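# Fold and contact review
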Amino acid sequence: ERILLILLYLTGARPSELILLKTKDFRIQNDLLIVDIITKKHGITRSLPFYLSTAYINEVISYVEKLKEKGIENIFKFKTPDRIKQIVYEVSEGKFCPYSFRHSRLTKLGMSGANMFELMVWKGAKTASSVEEYLYRSPAALEKFKDKIE
């Protein structure tokens, strides 16, 4: 359950995307863990990079390595998104759903200055309109823009 919650937040993946994750979808490249997620809505693969120093990434790597050692291909045993929804609901005592993690992650990325394209990639979106709500005019983002127009 812990790895499920970590991946829900870090990747912003939909429950239907998480149940498809396999050990081969996790790879270390230089100082990054790359997680390949197939978007359920559009069937495209989005590759999400995480620095190895990112909180909880070593836990994820350890979990995936143990599965590989045992010859287990699927990251999670359950096969339906409903089980993920049930786990999140139980753990949060009815306060959250899996999409709360997705929204929180995208909000944090937007507040950190992610641009529209970066948010689209992270979300697995095809249109800019689906990420507009996550765009924030943080002081850092405004300062970058100011430098561009001067």
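Everything below is about the structure printed above this text.
Okay, so let's go over this structure.

## Some words on the nonpolar core
Within soluble globular proteins, side chains that are nonpolar tend to cluster in buried spots. If you look at the biggest cluster of nonpolar residues, it comprises 38 residues, and the most contacted ones within it are L7, L18 and F26. Within the residue set of this core, elements represented by two or more residues are α1 (2-11), β2 (32-38), β3 (45-51), α3 (57-69), α4 (81-91), α5 (98-111) and α6 (116-123). Counting residues per element, this core draws most heavily on α1, at six residues.

## Section: the side chain of T107
Inspection of the secondary structure assignment puts T107 in helix α5. For T107, a relative accessible area of 14% puts it in the buried group.

## Some details on α1
With respect to burial, α1 is a largely interior element, seven of its 10 residues being buried. One or two positions beyond α1, positive phi appears at G12, with a value near 65°.

## Describing unusual backbone geometry
Positioned with a positive phi, Y56 is a non-glycine residue whose angle comes to about 75°. Along the chain, Y56 turns up in the loop between β3 and α3. With a phi close to 55°, E93 is a non-glycine residue in the positive phi region.

Reading the values: the criteria
Residues numbered from 1 in each chain as written. Predicted model: local features only at pLDDT ≥ 70, side-chain atom pairs only at ≥ 80, totals over all residues. Heavy atoms only, no water. Core = buried A, V, L, I, M, F, W, Y, C linked by side-chain atoms within 4.5 Å. Buried < 20%, exposed > 50% of the residue type's maximum accessible area, 1.4 Å probe, protein only. Helix = DSSP H or I, 4+ residues; strand = E, 2+ residues; numbered from the N terminus.

Remember that the coordinates give geometry; whether it matters functionally is a separate question.
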